Amino acid sequence: MTTSAPESKTVFAAEHDVPIPYMQRTRDYYLTLGYSPYRWAHFVEVPFTPLGTPLSRARVALITTAAPFQPKVGDQGPGAAYNAAAKFYQVYSVSTESVPDLRISHVGYDRLHTSAADINTYLPLARMKDAVAAGRIGALGPRLHGAPTNRSHRVTTETDCPEILRRCREDGVDAAVLVPS
Amino acid sequence: MCHQTVSLAARHLEANGISTVIMGCAKDIVEHCGVPRFLFSDFPLGNSAGRPFDVESQARTLELALEILKSAPGARTTMQSPLRWSADASWKCDYLDLTKLSPEKIAERRKEFDEVKTIARAKRETS
């Protein structure tokens, strides 16, 4: 009697099961609509600052691209259509004492497969408070900061980024968690 | 645009002595820009901080980001969250999928986009 080892069968993941190529999709989409391609920000050099304080003693900022709810500019609720009127163009700050009413109807999130019904999917403030309570993080910054999503790299780089830095320094933070919507 | 904005902000903070970590869903945009630390969740845009109404997923996502913040050995550190949005990955094919759009629909989308741009411009100019 002969025996043979059972054949191991390698099963690959589906070809499309990769991170979505957003830059290519966006480029193709807007070219088809008749617009010229967008030039995405791209650098060779990347700055790096090691965390100089143990995380359990560090003060950590939260930076978001979500927008404060504005009652007069239309639907900003879960699943709302893209709402350009809800956009903002200046850095804002709100207290981290309680979770503020921030929405994401002003950006192109995936409205087909998610609905922005739970703020904790794009604003981890409650989870960060849990982390502070558990001693994982030393403290939160007293304010979270909102970053405008401007198509202009120049405005983001020359105006908004220095303003965010200024506010983070005012708050005396050691580190920042940044969360796009 | 959100992912590019926070990437530029992370770079600026980091260059000025503040350590950063990004939690996001658009891997190509963040890595193309080049950032210090990045936790990538392979979820639909809008879920950078975890799955909806799933505290465990959100807590785990934050914890991974904090771990990277603490221990990344250098710039361009990306970790992909092991969490899956769904067993079936076909949702990834849908975002801005042109193959499902008729010429009429494309014309309609262009009109909508022009309208949106007009609203955004007006808002920007009054800000």
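The structure this text deals with has already been given above.
Predicted model, so just to flag it, every value in this text is computed and none were measured.

Visitor: Even after reading the chapter, I still don't get the overall build of chain B, so can you show me in this structure?
Guide: Scanning chain B for helices and strands turns up four helices and three strands. Its helices and strands taken in sequence order, chain B reads α-β-α-β-α-β-α from the N to the C terminus. Its C-alpha radius of gyration of 18 Å places chain B more than 25% over the 14 Å reference for a compact globule of 127 residues. Viewed in the frame of its principal axes, chain B has a C-alpha envelope of about 50 × 40 × 25 Å. Contacts in chain B between residues at least 24 apart in sequence constitute 48% of all its contacts with a sequence separation of at least 6. Carbon and sulfur atoms provide 54% of the accessible area of chain B, an area that totals close to 5,400 Å². Looking at charge distribution, chain B has the averaged site of its 18 positive side-chain charges lying 4 Å from that of its 17 negative ones.

Visitor: Looking at this structure, how should I read a positive patch on the surface?
Guide: On the surface, A:Arg151, B:Lys117, B:Arg121 and B:Arg124 cluster together into a positively charged patch. Here B:Lys117 lies in helix H4 (residues 103-126). You can call B:Lys117 partly exposed: its relative accessible area is 31%.

Visitor: What am I meant to see in unusual backbone geometry here?
Guide: Most peptide bonds take the trans form, and the phi angle of most residues other than glycine is negative. Residue and element names in this part refer to chain B. We note that phenylalanine 53 has phi near 55°; this positive angle belongs to a residue other than glycine. Relative to the helices and strands, phenylalanine 53 resides in the loop between strand E2 (37-40) and helix H3 (55-71). Its identity as a non-glycine residue notwithstanding, arginine 76 has a phi of 65°, on the positive side.

Visitor: Looking at this structure, I do not really get the interface of chain A and chain B. What am I missing?
Guide: The accessible area lost on association of the parts is a frequent measure of interface size. Across the boundary between the two partners, chain A contributes 84 residues, which contact 86 residues of chain B. Both faces combined, the contact of chain A with chain B buries some 7,600 Å², and carbon together with sulfur accounts for 66% of it. If you look at where chain A meets chain B, you find four salt bridges. Of the charged contacts, one joins A:Asp17 and B:Lys92 as a salt bridge, the two residues approaching to 2.7 Å between their closest N and O atoms. The tally of links between chain A and chain B comes to 47 residue pairs in polar contact (both at pLDDT 80 or more). Where the side of chain A that touches chain B is concerned, the elements lending two or more residues are helix H1 (22-33), helix H2 (125-133), helix H3 (153-171) and strand E7 (175-179) of chain A. Partitioned by chemical class, the residues of the side of chain A that touches chain B number 52 nonpolar, 20 polar and twelve charged. Of the pairings in the sheet, the one linking E7(A) to strand E1 (residues 19-24) of chain B comprises four bridges and is parallel in character. Bridge assignment links A:Leu178 to a residue of E1(B), and that residue is B:Ile22.

Visitor: Is there a simple way to think about H3(A) in this case?
Guide: One full turn of an α-helix is made of 3.6 residues, so residues set three or four places apart face in the same direction. If you check H3(A), its first and last C-alpha atoms are 25 Å apart, about what 19 residues at 1.5 Å a residue would give, namely 27 Å. Along its length, H3(A) reaches its greatest deviation from straightness, about 35°, at A:Asp160, and the proline A:Pro162 lies no more than four positions downstream. Within the sequence span of H3(A), burial applies to A:Thr156, A:Asp160, A:Cys161, A:Ile164, A:Leu165, A:Arg167, A:Cys168 and A:Asp171. In this structure, the buried side of H3(A) is in contact with strand E1 (59-64), strand E3 (92-95) and strand E6 (143-146) of chain A together with helix H1 (2-15) of chain B. Positive phi shows up at A:Gly172, right after H3(A), with a value of about 65°.

What counts, and at which threshold
Residues numbered from 1 in each chain as written. Chains lettered and ligands numbered in written order. Predicted model: local features only at pLDDT ≥ 70, side-chain atom pairs only at ≥ 80, totals over all residues. Heavy atoms only, no water. Helix = DSSP H or I, 4+ residues; strand = E, 2+ residues; numbered from the N terminus. Rg over C-alpha atoms; globule rule 2.2 N^0.38 Å. Contact = heavy atoms within 4.5 Å. Areas by Shrake-Rupley, 256 points an atom, 1.4 Å probe, with all protein chains shown as cover. Lys, Arg positive; Asp, Glu negative; His and termini not counted. Charge placed at Lys NZ, Arg CZ, Asp CG, Glu CD. Patch = residues over 30% accessible without salt bridge, like charges linked within 9 Å, V, L, I, M, F, W, Y side chains within 5 Å. Salt bridge = Lys/Arg side-chain N within 4 Å of Asp/Glu carboxyl O. Buried < 20%, exposed > 50% of the residue type's maximum accessible area, 1.4 Å probe, protein only. Buried area = accessible area lost by both parts, 1.4 Å probe. Polar contact = N/O pair within 3.5 Å; in protein donor to acceptor, adjacent residues only side chain to side chain. Nonpolar A, V, L, I, M, F, W, Y, C, P; charged D, E, K, R; others polar. Pairing = 2+ DSSP bridges. Expected span 1.5 Å × (residues − 1). Bend = angle between axes of the 7 residues up to and from the residue.

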